[in-house]
Amino acid sequence: MVAAPVTHLTVEYQPAALAIAVPCPRLSWVPGREQSAYEIEVRAAGELVAHTGRVPSRECHLVEVPDLRLRSDTDYEWRVRVWDTDGAVSSWASARFGSALLSADDWTASWVLPKARPTDIERWTLLDWVTGRRPQQEASERLVPVQLLRQRFDLDAPVARARLYLTARGIYTAELNGRRVGDEVLAPGFDSYTSRLCVQCYDVTDLLGRGDNILGVALADGWWAGRIGLTGSSAQFGATTGAIWQLHIETQDGQRHRITSDGDVVSAEGPWPYADLFIGERFDARLYDPAWSTPGFDDTTWNPVETEPADPGVLVPFAGEPVRRVDELPALSVAPDPDGGWIADFGQVVAGRVRITLRAPGEGDTVTLEHTETLDADGRWFENIEGINKEQRDTYVAAGRPAETYEPSFTFHGFRYLRVRGIQAPPHLDDLRAVVLSSDLPQTGSLHLSDERLDRLHRNVVWSQRANFLSVPTDCPQRERAGWAGDIQVFAPAAANNALVAPFLTRWLDNLRADQDSEGRIPILSPRSTYDDQLADTAEGFGSIKACAGWSDAIALVPWVLYERYGDRRVLADTLDAALHWIDHQRGSAAELPERLRDTALTPEQHTRQALLYNAGEHFGDWLTPSTLEGRPLHEAIGIAPKLTAELIAPMFQAQTLTVTARSAAALGRTALAARLRDEAAHVRAAFAAEYVDAEGRLPVALQGPYVLALAFDMVPAAQRPLLVDHLVHLITERGERLDTGFLSVPYLLDVLWDAGHADLARRLLWQDTCPSWLYEVDRGATTIWEAWDAITPDGTVRAVSFNHYAFGCVDDVLYRRIAGIRATAPGYRSAVLEPDLTGPLDHADAEVWTPYGPLRVDWTVTSGVAAIHTEIPHGVDAVLVAAGRSVQLAPGTHYLHISLPAQEHGKK
Ligand code: BGC
């Protein structure tokens, strides 16, 4: 008997990875039927290097092969076959992968550093930002040119296999013999460079030939030396750029060659007088010679480089998907700007840059491209991003050819609108393309809702996810582009529905761990520079925060999301110690009393309780709680939510982190540790309830957020829950059934209401369209999720805030789980519940998530009180459909069901 074929073979989540970054990779496949056993063989150059034999097991996802230890820079082939539950065996399915440079000893190259003027060290502070202090010189005077590096080498036979391992302090593009290497952009990406600098691997077999070869590398400031972060300070990792590479070549005559970056490399300035990730770049086409990376080019005037020994401990193989051009959008309209130039609208807020074609420009004509996310209320040009070094302006100097096309190489912008200046006639729509950049993650989920506004809300979330999953998970793709831990902590569950985020977030967690300090503090953002630390050391208030509730807890909460959605145990194992160290820090800080209690005489019981609670110090609290921002200028208002909520929220996250870490420990088989953490969590919760919850179930702060979190994190005894729910409902009603939750509580708002029997109120909040609400933004034409609910105020005023912050888009997870109705009930969707919201206002929804076992789908329509439900259940997922008060077990395969809804239950709009 032959079982159904095995498909979707992946190694570390990747099909056909060129350079797997770990020595013991995990293998996955999708069996065609329920699996009872598998067998795996792994070969290198035809030789069997690992063989499992027949292993009785259901596992087919992230399977470790006991004796598999990858060698560096090696190509592998693996194959798998499975037995189904009837004992039938499948045919073998096979796939290939390669390995990266896995050991520090693999590095023999040196850093090569162009002898060029280092980047100016600019140190800006938040005070400079608000007081309007700005750089005195133009970008062209302050910034340094992109450097070109060139290395010549000779091969005496045709090439059989070649891999280029390359990274830079800065960002680079590479060419071999005049042809572009790879399709990544902004390589090597952003990491905590002091500890980790990711090395890319490219298959360059087809780019090399017998005889003279030239490797060319163009090198710009990037995250290493450029102006980055909120302050726009430069050189936060270093002021000198450089590159390091090894080219591993096998020629067809069987010889191996290794070309390494070294003293024979020469450098010169290229056609970019400057290029900065935030400010933008200038490209002078008159200075561009496309032959610069070909053998015939004369480099006798180029300069020798300096070399520096490699720091192999810091060089780590890149894992996951790089940043690529993932989409292109046409311009929808072009209109003259009364202030000069032309304004193009791409119809969508994105992260990326514009490719423009100029028709018959004159030599030396200078065209500027400016970017913004929104126009003002009157449709005029308006820069919504303020701050230092946030220009987002590219400049092109034409060579004077009949048609010239330009797309920046070393920068990107957050924008929907473009203003072009320096051309006389309006650009044709066809001459403009918004090139969308993102980490190129496979899109693994889809969701469609019959309510056009809700559907748009979902698409807005997906766009914000794309724009902010750019090398690291960021807050916004324009003003800061920082790896804010709080933002991804609240957004990770939503993100995991839409895309395969495991390798991407695992790499970010590697950075977060690398940035943990010796006292256990997990930073509020990562990658973090030493300048970030200096700033915190000299600031006051929340500017002084290095670690805090809800942000630092990402170290425990984000890995747990990856475990829930992907069943990934390794990320739990890899982050456990860091989470425990963070818990140590919280525990140690608990001794400190909140300021308001410092001069108060405490009872002995209170003293004991207070000593358990991590509730002092500075925190962002329930950041951006809407009511705290009303009626005051932003700079006064922004600190109010932190002041009001920090003391309550910090111990709630302390308890939640203890609980989640206990679950992680249990999942890793660390039973005693799990029990200890659970115990500690119970003590923290009891202390919290005794300190902060009165007999009527009231918290000391009458805001929705603390109630939501107290319920979501189980902070009060069961008997008190209904009292807290009543207060929460009252607070929501008082606000006209509008949300008043900040960053940290908003992910739980609708779930808490739903679970407490207030599904109707939860739906009314979801469908609310006065400010603040999700649909208010949609009604105002949002194409992404805004940082501030009132980024466009009810009177139409457009505010200078980010129009692309995904944090409040966390509601997308509710759309998948509660509205369309797909949720995992065991790690990695081993079991799932399909529970469509058949009695809510929607007529139709369909959703699909890619589980480790294949696509899980639900698609439903309600007509005249009857729900037609179509489901697809992959083998390996234990699925239950819950509808009209009944639960039905669904076997793998396709199901069509018709369910009559009780009359009172279908209150369609
Ligand atoms: C960012 C946030 C971030 C916050 C910290 C802001 O400037 O844009 O999204 O989490 O600072 O409170």
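The model shown is predicted, which means the values in this text are computed figures rather than measured ones. All residue numbers here refer to positions counted from 1 along the written sequence of the relevant chain. Local features in a predicted model are, by the rule used here, given only for residues with pLDDT of at least 70; side-chain atom pairs are given and counted only at 80 or more, and totals for whole chains, interfaces and linings are based on all residues. Neither water nor hydrogens contribute to the side-chain values; these are computed over all heavy atoms in the structure.

**Some words on the overall build of the chain**
Within the chain, the regular secondary structure consists of 19 helices and 42 strands. Over its C-alpha atoms the chain spans a radius of gyration of 28 Å, differing by no more than 12% from the 29 Å that the globule rule assigns to 909 residues. Taken along the three principal axes of its C-alpha coordinates, the chain extends 85 × 75 × 60 Å. Partly exposed describes any residue whose relative accessible area lies between the buried limit of under 20% and the exposed limit of over 50%, with all areas from a 1.4 Å probe on protein chains only and scaled to the type maximum. A burial count over the chain gives 62% of its 909 residues as buried. Contact criterion: two residues are considered in contact whenever any of their non-hydrogen atoms come within 4.5 Å of each other. For the chain, restricting intrachain contacts to residue pairs at least 6 apart in sequence, the fraction spanning at least 24 positions comes to 74%. Areas reported here follow the Shrake-Rupley algorithm with a probe of radius 1.4 Å; residue values treat only the protein chains shown as occluding. About 33100 Å² of surface is accessible on the chain, with carbon and sulfur atoms providing 49% of the total. Only four residue types enter the charge count: Lys and Arg as positive, Asp and Glu as negative, with His and the chain ends excluded. For this purpose, a charge sits on NZ of Lys, CZ of Arg, CG of Asp or CD of Glu. The distance from the centre of the 84 positive side-chain charges to the centre of the 124 negative ones in the chain is 2 Å. Labels follow the DSSP assignment, with helices taken as runs of H or I lasting at least four residues and strands as runs of E lasting at least two, numbered in each case from the N terminus. The globule rule used here is 2.2 Å times the number of residues to the 0.38 power, and the radius of gyration it is set against is calculated over C-alpha atoms.

**Thoughts on the pairing of strand β36 (residues 831-834)**
With burial as the criterion, each face of β36 is covered, one bearing Ser-831 and Val-833 and the other bearing Ala-832 and Leu-834. Here the rule is simple: two strands pair whenever DSSP picks up at least two bridges between them. Pairing analysis gives three bridges linking strand β35 (residues 822-824) to β36, with the strands arranged antiparallel. Residue pairing in the sheet places Ala-824 in a bridge with Ala-832 of β36. Between β35 and β36, which pair antiparallel and follow one another directly, the connecting turn spans six residues, one of which, Gly-828, has a positive phi of 65 degrees. With four bridges connecting them, β36 and strand β40 (residues 878-883) associate as parallel partners.

**Let's talk about the pattern of salt bridges**
When a carboxyl oxygen of Asp or Glu is within 4 Å of a side-chain nitrogen of Lys or Arg, the pair counts as a salt bridge. In the structure shown here, the tally under the stated rule is 75 salt bridges. Ionic pairing is found between Glu-41 and Arg-43, a salt bridge with its closest N-O pair at 2.7 Å. Taking the relative accessible area as the measure of exposure, Glu-41 reaches 9% and is therefore buried. Arg-43 gets classed as partly exposed once you look at its relative accessible area, which sits at 27%. Note that Arg-735 is salt-bridged to Glu-630, the shortest N-O span being 3.1 Å. A residue pair is termed long-range when its members are at least 10 positions apart, and Arg-735 in the loop between α15 (721-734) and α16 (749-755) and Glu-630 in the loop between α10 (604-612) and α11 (634-637) qualify at 105 residues. Among the charged side chains, a network of salt bridges with common partners joins Arg-325, Glu-328, Arg-353, Arg-355, Glu-407 and Arg-433.

**Some words on the sheet that holds strand β38 (residues 854-863)**
One open sheet holds the five strands; their spatial order is β32-β37-β38-β39-β42, and the pairing between them is antiparallel. One side of each edge strand has no neighbouring strand; the edge strands of this open sheet are β32 (445-449) and β42 (893-900). Averaged over all pairs of adjacent strands, the angle between strand axes in this sheet comes to 10 degrees, irrespective of strand direction. With five bridges connecting them, β32 and strand β37 (residues 844-851) associate as antiparallel partners. Counterpart to Gly-445 in the pairing with β37 is Val-849. To obtain an axis, a line is fitted to C-alpha atoms, over the contacting stretch when the element is a helix, and the angle between two such axes runs from 0 to 180 degrees between their N-to-C directions.

**A word on the environment of Pro-892**
Here Pro-892 lies in the loop between β41 (886-890) and β42. When the C-alpha atoms of Pro-892 and Leu-856 are compared, they prove to be 9.8 Å apart, with 36 residues separating the residues in sequence. Every residue in contact with Pro-892, bar those within four places of it in the chain, is listed here: Ile-873, Pro-874 and His-875.

**So, the site of the ligand**
In the region of the ligand, the neighbouring residues are Asp-475, Arg-479, Glu-480, Trp-484, Asp-487, Trp-551, Phe-620, Trp-623, Phe-743, Glu-787 and His-805. Within the side chain of Arg-479, one N or O atom sits 3.0 Å away from an oxygen atom of the ligand. Distance and chemistry together define a polar contact, namely a pair of N or O atoms within 3.5 Å, with one atom able to donate a hydrogen and the other to accept it when in protein, and with adjacent residues in sequence counting only for side-chain atoms on both sides. Trp-551 has a polar side-chain atom sitting 3.1 Å from an oxygen atom of the ligand. Considering the ligand on its own, with 310 Å² of exposed area, one finds that the protein chains cover 94% of that surface. Partitioning the shell around the ligand into residue classes produces five nonpolar, one polar and five charged. Throughout, the term near means that a residue has one or more heavy atoms lying within 4 Å of the molecule or strand in question. In this count, Pro and Cys sit with the nonpolar residues alongside Ala, Val, Leu, Ile, Met, Phe, Trp and Tyr, while Asp, Glu, Lys and Arg are called charged and the others, Gly among them, polar.

**Looking at the packing of aromatic side chains**
Aromatic ring pairs are defined here through the distance separating the ring centres and the angle between the ring planes. We call Phe, Tyr and Trp rings a pair once their centres come within 6.5 Å, taking the six-membered ring for Trp, and we label the pair stacked below 30 degrees between planes, edge-to-face above 60, and tilted otherwise. In this structure the tally under the stated criterion is 37 aromatic pairs. Ring centres of Phe-283 and Tyr-288 lie 5.8 Å apart, and the angle between their planes is 55 degrees; this geometry places the pair in the tilted category. What makes Phe-283 buried here is its relative accessible area of 9%. One aromatic cluster is present, built from ring pairs that chain together Trp-484, Phe-542, Trp-551, Phe-620, Trp-623, Phe-743, Trp-774, Trp-789 and Phe-808. Lysine and arginine charges are scored as sitting over a ring when NZ or CZ, respectively, is within 6 Å of the ring centre and within 35 degrees of the ring normal. A cation sits over an aromatic face here: Arg-123 above Tyr-531, 4.6 Å from the ring centre. One residue, Arg-466, lies across the ring of Trp-463, its end atom 4.7 Å from the ring centre.

**Looking at the nonpolar core**
Counting 257 residues, the largest nonpolar core has Trp-29 and Trp-78 as its most contacted members. Here this core takes eleven residues from helix α12 (residues 640-667), the largest share from any one element. What is meant by a nonpolar core is a set of buried Ala, Val, Leu, Ile, Met, Phe, Trp, Tyr and Cys residues, joined one to another through side-chain atoms within 4.5 Å. Ranked by size, the runner-up nonpolar core spans 28 residues in total, among them Leu-155, Leu-207, Ile-249 and Val-305.

**Quick notes on the side chain of Thr-74**
Looking at the secondary structure, you find Thr-74 in the loop between β6 (63-64) and β7 (75-84). Look at Thr-74 and you get buried, because its relative accessible area is 12%. Reaching out from Thr-74, the side chain makes a polar contact with the backbone oxygen of Ser-72 at a distance of 2.6 Å. Not counting residues up to four positions away in its chain, the partners in contact with Thr-74 are Ala-44, Phe-97, Gly-98, Ser-99 and Arg-161.

**A word on helix α4 (residues 452-468)**
With 17 residues, α4 extends 24 Å between its outermost C-alpha atoms, agreeing within 8% with the 24 Å of an ideal straight helix rising 1.5 Å per residue. Taken across its 17 residues, α4 has 13 buried, putting it largely inside the fold. Where α4 begins, the capping side chain belongs to Asp-451, and its oxygen is found 2.8 Å from the backbone nitrogen of Arg-453. Take the residue count of a helix, subtract one, and multiply by 1.5 Å to get its expected span.

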